[in-house]
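# Reading the structure
As a plain string of letters, each chain reads:
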Amino acid sequence: MKKSMRASTLESLGLGTVLDIFKNGEMPVTAEEMVTKVFGPNGKRGALIISGANGIVGAGKVMQFASRLLPYNVPIIALDLPGSPDGISKQYNGLVKAFGKDGANNIMKNIIRLNYDGYSLPDVLKAYNPKFLLEAIPEKLELKKEHYKLFRNEFPGIHIWSVTSGFPSSQLGVGIAHPAFPHEINKIFEIVENKPSPQTQLLWSMGLIPMQVSDDWSFVLDVFFCGLMNAGIRYSSMTNTPYWKTDKYVRQLIGPNPFRAHDAIGAKGANFLTWSCLHHLSKEYGDLFSPDQNLVEHKDSGQNWYPLDHFRPLVNWSLDADDKETLRVMIYGALFQMTSIMLHEKRSDLATMNTIGELCAQFTKGMLAITRNLGYEKVVNTVKAYHKLHPEAAKTKWYPDEFKKMDSTEWQQLYVNAEHDGKTGVITISRESYNSDVNAELNRAIDWLKKNKIKRVILTSDFHFSTQMVGADTNEFFPAITEVKEGNRIASTWSATARRLYVEFEISLGFVNGKRCMGGMLELMMHCHYLFATEETVFSMPEVTLPVVPGMEGCHWAIRKAKPEDRKHLVKMLLEGKPMKAKETIGWLVDFAGPLEMALKKAWQIMEKGTSVLPLRKIEEKSLGKIDFSSAKVAPVSDVSLEEARKAIAKCVEDSCVASLADSIAIQAKHSAEFMITKLCRKGKVGSEYDKVNQ
């Protein structure tokens with residue numbers, strides 16, 4: 001019987017679990033299968049219509065769907081009013097960059113652009129047998145309803161989704177597929193429907209990321225993002241702080257720059273949409289959401305929040321401690337109260353709600369992770385302090401008891417899940433970058449599997465939220481920029497967690513199926529007894545280019561598993577930082593790389609039959625002696641900083657490899673921590689990002 005720590009987010013899409021994927025040796029659905037279900041069989045496929053196709057949202061979705069549906073002969077109809085600004089042509093250069101000129105031209109050839117007057121549809125539409133309408137027309141309720149009526153009269157069986165930024169399905173009478181910005185490249189859609197549809201499963205099969213949410217005003221993303229924007233405006237209004245200064249400290253506190261984001265999107269449209277979401281939310285819930293008067297004025301004028309020639313470089317200054325605390329209370333207090341409402345209404349499962357804040361609203365950590373780390377008492381006291389600053393919000397719904405549930409498994413496992421069938425376990429990571437929360441949750445997942453007497457385990461992504469593994473979250477390193485002990489703590493504790501995968505299971509297998517696996521995530525995965533990947537997955541150890549010294553045993557762990565004659569490949573990888581496809585690393589980094597289904601089946605064979613399926617490369621626990629760097633034939637560089645970074649990494653390789661495995665964990669942690677406080681690191685990507693956020 002299968003057991004899991006919490007429900008898999010794949011289950012919310014009707015796609016089973018990750019354990020099912022490995023047991024079955026195949027994905028739950030394929031793009032070909034779902035295209036046929038939605039648009040009909042090949043040769044007789046109906047069309048996808050995107051209405052409002054010249055707008056920012058519509059044009060972005062035209063590009064996104066046209067590029068993905070091109071191999072399946074699905075016509076893309078871009079429909080809009082005559083004379084509307086040509087948003088589609090503006091996307092062409094982006095297509096060229098992504099697909100090359102020939103690829104971009106092929107995509108554009110499959111886009112059929114039609115005009116209509118808003119009251120009747122072009123007769124030629126019937127020839128394309130429309131099956132699916134994605135509506136992206138202006139945010140006017142009656143206009144949208146008439147639009148759907150028009151299509152249903154002409155094409156009674158058509159499936160309709162709205163990309164509305166706020167109106168619930170119950171108001172519109174159609175399903176919701178609310179996309180995250182930027183619309184050309186962001187893959188996430190908030191989906192509202194009664195049960196998982198073939199259209200939702202089609203998105204997933206094409207590599208997009210549908211997330212099921214409940215049918216409430218503004219869903220999840222816009223409550224977070226519009227709520228953050230309104231709280232920032234209120235703080236600026238209360239303290240007479242310039243918007244750019246508030247932006248700077250909001251970035252420090254939680255991650256995004258809401259004012260800059262509105263200007264980047266296009267202030268006129270973004271201001272209206274934020275106002276519209278807040279306006280409707282305030283009518284439903286109260287003054288917690290009431291648009292600040294300055295937002296109303298910017299909505300009416302379309303004015304940017306950053307003046308074109310603002311004085312930040314000349315008159316920069318720092319907030320004092322009291323002002324910082326006021327900002328913290330205004331921002332967190334509003335967001336905690338809003339989060340309590342969404343939790344009470346069960347707007348989504350907790351992992352989804354947390355991830356939407358990170359991947360869509362660009363929070364450094366999701367609101368639920370922030371809340372969990374602070375604890376019930378601090379959260380409630382922050383909201384109480386917020387109500388003193390904004391008394392009107394105290395009249396709005398507020399559910400502090402929702403935060404008394406933080407000891408539950410669903411709260412504790414926001415990023416890492418585990419499941420098992422009584423014999424084999426699967427641990428899934430749904431975050432693309434490794435941080436302290438993932439580390440703690442991974443330990444809890446390992447503990448849970450051990451408690452259930454599971455001896456064999458697969459470590460992988462969640463096949464949903466995490467489409468790549470990009471390495472360690474550089475925000476985690478900020479304390480280590482100034483404190484050696486912090487760098488040592490991070491490297492030592494994360495490495496200790498990774499070692500559990502090797503030491504505490506009879507067989508562990510790291511399985512990488514996304515686009516890339518880099519840095520700290522690759523260091524984690526290589527600690528498993530076996531490392532599998534799809535053949536086109538890209539691996540890299542880019543630390544030398546940042547520069548930092550790898551802290552999760554990347555300087556010695558894989559070298560200890562490789563044959564002496566293969567160690568040069570790993571040294572070269574570390575010192576050059578260049579990406580390599582998984583199929584190029586077989587035998588010295590990866591144990592198996594092949595097509596997805598073949599890799600899935602092979603992984604499951606090992607879980608069932610053990611090491612007889614594939615020889616196991618064991619770790620050499622004794623000293624490796626002197627490492628031969630000359631055989632790596634590392635390409636010379638003229639960049640002095642890069643050369644110094646190479647020397648630091650080479651020294652870590654040398655010292656950690658000459659030591660025993662038992663001693664190397666402390667040695668590599670020391671090298672990593674001491675490099676973090678150097679001037680060279682401070683001038684690099686991590687140090688520059690630290691200065692940008694904290695100074």
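Look up: the structure comes first, before these words.
For the structure given in this document, a descriptive report is provided here.

The rules we used
Residues numbered from 1 in each chain as written. Predicted model: local features only at pLDDT ≥ 70, side-chain atom pairs only at ≥ 80, totals over all residues. Heavy atoms only, no water. Axes fitted to C-alpha atoms, helices over the stretch in contact; angles between N-to-C directions. Helix = DSSP H or I, 4+ residues; strand = E, 2+ residues; numbered from the N terminus. Parallel < 35°, antiparallel > 145°, perpendicular 65-115°, else oblique. Left-handed = near helix turned anticlockwise from the far one by under 90°. Contact = heavy atoms within 4.5 Å. Nonpolar A, V, L, I, M, F, W, Y, C, P; charged D, E, K, R; others polar. Buried < 20%, exposed > 50% of the residue type's maximum accessible area, 1.4 Å probe, protein only. Phe/Tyr/Trp six-rings, centres within 6.5 Å; stacked < 30°, edge-to-face > 60°. Lys NZ or Arg CZ within 6 Å of the ring centre and 35° of its normal.

### Some remarks on the packing of helix α25 (residues 640-658) against helix α26 (residues 661-676)
In the contact formed by α25 and α26, the axes pass within 9 Å of each other and the chain directions differ by 165°. With respect to α26, the axis of α25 lies roughly antiparallel. Read as a crossing pair, α25 and α26 show a hand that is right-handed. Contact with α25, carried on its side by A648, K651, C652, D655 and S656, involves S664, I667, Q668, H671 and F675 of α26 and no other residues of that element. When the residues that make up the contact of α25 with α26 are grouped by side-chain class, the tally is 4 nonpolar, 4 polar and 2 charged.

### A look at unusual backbone geometry
Going from F181 to P182, the amide bond is cis rather than trans, its omega being 0°. Inspection of the secondary structure puts P182 in the loop between β7 (175-179) and β8 (188-192). Of note, the amide linkage connecting L546 to P547 takes the cis form, showing an omega dihedral of -15°. Topologically, P547 is positioned in the loop between β18 (538-540) and α22 (557-561). Of note, F219 is a non-glycine position whose phi angle comes to about 55°, a positive value. Take F219: it is sitting in the loop between β9 (209-212) and α8 (221-239). Residue F219 is classed as buried on the basis of its relative accessible area, which comes to 0%. Of note in the backbone geometry, E553 takes a positive phi value of approximately 75° without being a glycine. Along the chain, E553 turns up in the loop between β18 and α22.

### Thoughts on the packing of aromatic side chains
Applying the stated rule across the entire model yields 21 aromatic pairs. The interplanar angle of 65° and the centroid separation of 5.7 Å between the aromatic rings of F224 and F363 together place this pair among those described as edge-to-face. Here F224, found in helix α8, pairs with F363, found in the loop between α15 (350-359) and α16 (367-374); they are 139 residues apart in sequence, far enough to count as distant. The class of F224 is buried, set by a relative accessible area of 0%. Where Y502 meets W557, the ring centres are 5.4 Å apart and the plane angle is 85°; that geometry is what we call edge-to-face. Taken together, the residues span a long stretch of sequence, with Y502 in helix α20 (residues 484-503) and W557 in helix α22 at a distance of 55 residues. The exposure classification of Y502 matches that of W557, with both residues buried. Ring pairing ties together the aromatic residues F22, F463 and F511, which thus form one cluster. Above the ring of Y415, the side-chain terminus of R431 is found at 5.4 Å from the ring centroid. Seen from the ring of F505, K450 lies directly overhead, with NZ or CZ sitting 5.9 Å from the centre.

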